[in-house]
Amino acid sequence: ISYAIDKNEVVGLFGDLADRTCAPLSVLSGYYNTDVNCYDYDPDMAMSLLAEAGWDGSTTLSLTTTSTEIDTALLIQQYLADVGINVEINEVDAATFRTTVRGTESELALQGFGNVVDPDHMYWVFHTDTLGGSIMSYQNDRVNELLADAQKLADPDVRLPMYMEAQQLIVDEDAAAVFLYSSAYLRAYRNDRLTGIEPMPRPTDVTYWLRFADVVE
């Protein structure tokens, strides 16, 4: 599936509002692993791997998504059909999405997760004992160990190689998910009221992005 989807085409749906990412961190993160496999678009490789795995082309998978991601879902459906994977899109509201996906009632799901400066969110998405890990039915004992240990540390120089290894295992060894894009961090403000805008050196969340500004009375 990773090789079957043209991620650059998916990113193109959002114009300048998204960046291609190959790992479970934003490309703007200081912990982003640039050495992981990006699984560049290769439908021939995808079909070869499916044949090797004995994929039954008569099987239909369900892809659960919300209306906000329907264009992405339709594009993914097209790409997977091209390599012999039939996909039925299940478009639901946000509440039903959470119930369906958390109840593991869908083979595939299109969803995102927050990415703040600290990469600790990887723990809540990929550790087996968390809701994210249970939703994905993902288990890698080494990843569990790395994410749990890194969570207890403060020194970025010590944590960095731990998150680098965790990303390598999640992406290269397990292909636990297909990573598509990072949303751009856009901020709107009145330039007649705020001057001297100085943003944080790394994007955080929607609240903690501004380091300094002058307010014009």
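A brief report on the enclosed structure follows. Given the structure is predicted, the values throughout are model-derived calculations rather than measurements. (Residues numbered from 1 in each chain as written. Predicted model: local features only at pLDDT ≥ 70, side-chain atom pairs only at ≥ 80, totals over all residues. Heavy atoms only, no water.)

**A word on the overall build of the chain**
The number of helices and strands found in the chain is 8 helices and 7 strands. By its C-alpha atoms, the chain is 65 × 40 × 35 Å across when sized along the principal axes. A total of 217 residues make up the chain; the buried ones form 37% of that total. In the chain, the share of contacts with a sequence separation of at least 24, taken over all contacts with a separation of at least 6, comes to 66%. For the chain, the accessible surface area stands at approximately 12,200 Å², while carbon and sulfur atoms represent 50% of it. Seen as two clouds, the 12 positive and the 35 negative side-chain charges of the chain have centres 11 Å apart. (Helix = DSSP H or I, 4+ residues; strand = E, 2+ residues; numbered from the N terminus. Buried < 20%, exposed > 50% of the residue type's maximum accessible area, 1.4 Å probe, protein only. Contact = heavy atoms within 4.5 Å. Areas by Shrake-Rupley, 256 points an atom, 1.4 Å probe, with all protein chains shown as cover. Lys, Arg positive; Asp, Glu negative; His and termini not counted. Charge placed at Lys NZ, Arg CZ, Asp CG, Glu CD.)

**Structural notes on the nonpolar core**
One finds Leu-80, Met-122, Phe-126 and Leu-147 to be the most contacted residues of the largest nonpolar core, which totals 44 residues. Mapped by element, the contributors of at least two residues to this core are helix H2 (43–52), strand E2 (60–65), helix H3 (70–82), helix H5 (121–126), helix H7 (141–151) and helix H8 (156–173). (Core = buried A, V, L, I, M, F, W, Y, C linked by side-chain atoms within 4.5 Å.)

**Topic: the sheet that holds E2**
An order of E3-E2-E4 is seen for the 3 strands of this open sheet, with the pairing classed as parallel. Both edges of this open sheet fall to strand E3 (86–91) and strand E4 (108–109), since each of them pairs with a single strand only. In this structure, E2 lies alongside E3, joined through 6 bridges in parallel fashion. Its bridge partner being in E3, Thr-60 is matched across the sheet by Asn-86. Docked against the sheet, H3 engages E2, E3 and E4, running at close to 165° with respect to E3. (Pairing = 2+ DSSP bridges. Axes fitted to C-alpha atoms, helices over the stretch in contact; angles between N-to-C directions.)

**Brief notes about unusual backbone geometry**
Note: most residues except glycine have negative phi, and most peptide bonds are trans. Its identity is not glycine, yet Tyr-39 carries a phi of approximately 50°, on the positive side. The residue Ala-175 is not glycine, and still its phi comes out positive at about 45°.

**What to know about the pattern of salt bridges**
The tally for this structure, following the rule as stated, stands at 3 salt bridges. Asp-118 is the salt-bridge partner of Arg-159, the closest N and O atoms lying 2.9 Å from each other. Taken together, the residues Arg-159 in helix H8 and Asp-118 in the loop between E4 and H5 connect sequence positions 41 residues apart. Among the residues examined, Arg-159 registers a relative accessible area of 5% and is labelled buried. Glu-145 is the partner of Arg-142 in a salt bridge, and the nearest nitrogen-oxygen pair spans 3.1 Å. Within this pair, Arg-142 and its partner Glu-145 are both found in helix H7, separated by 3 residues, close to a single helical turn. In this structure Arg-142 comes out as partly exposed when scored by relative accessible area, which is 34%. In this structure, a network of salt bridges that share partners links the residues Arg-142, Glu-145 and Glu-165. (Salt bridge = Lys/Arg side-chain N within 4 Å of Asp/Glu carboxyl O.)

**What about H8?**
Taking 1.5 Å per residue as the helical rise, H8 with its 18 residues ought to reach 26 Å, and the 24 Å between its terminal C-alpha atoms agrees with that figure. Where H8 is buried, its residues contact H5 and H7. Where H8 begins, the capping side chain belongs to Asp-155, and its oxygen is found 2.9 Å from the backbone nitrogen of Asp-157. Ala-175 sits one or two residues past H8 and shows a positive phi near 45°. (Expected span 1.5 Å × (residues − 1). Polar contact = N/O pair within 3.5 Å; in protein donor to acceptor, adjacent residues only side chain to side chain.)

**Regarding the environment of Thr-104**
With respect to the helices and strands, Thr-104 occurs in the loop between helix H4 (94–102) and E4. Using a relative accessible area of 47% as the deciding quantity, one classes Thr-104 as partly exposed. As for Thr-104 and Ser-137, which are separated by 33 residues in sequence, their C-alpha atoms are 8.5 Å apart.

**What about the state of the cysteines?**
This model, assessed by the stated rule, comprises 1 disulfide. A sulfur-sulfur distance of 1.9 Å marks the disulfide that ties Cys-22 to Cys-38. Between Cys-22 and Cys-38, the disulfide has an S-S torsion of 95° and is therefore right-handed. Of the two residues, Cys-22 is situated in the loop between strand E1 (18–20) and H2 and Cys-38 in the loop between E1 and H2; the sequence distance between them amounts to 16 residues. Look at Cys-22 and you get buried, because its relative accessible area is 7%. (Disulfide = S-S within 2.5 Å.)

Purely spatial values, then, with no claim about function.
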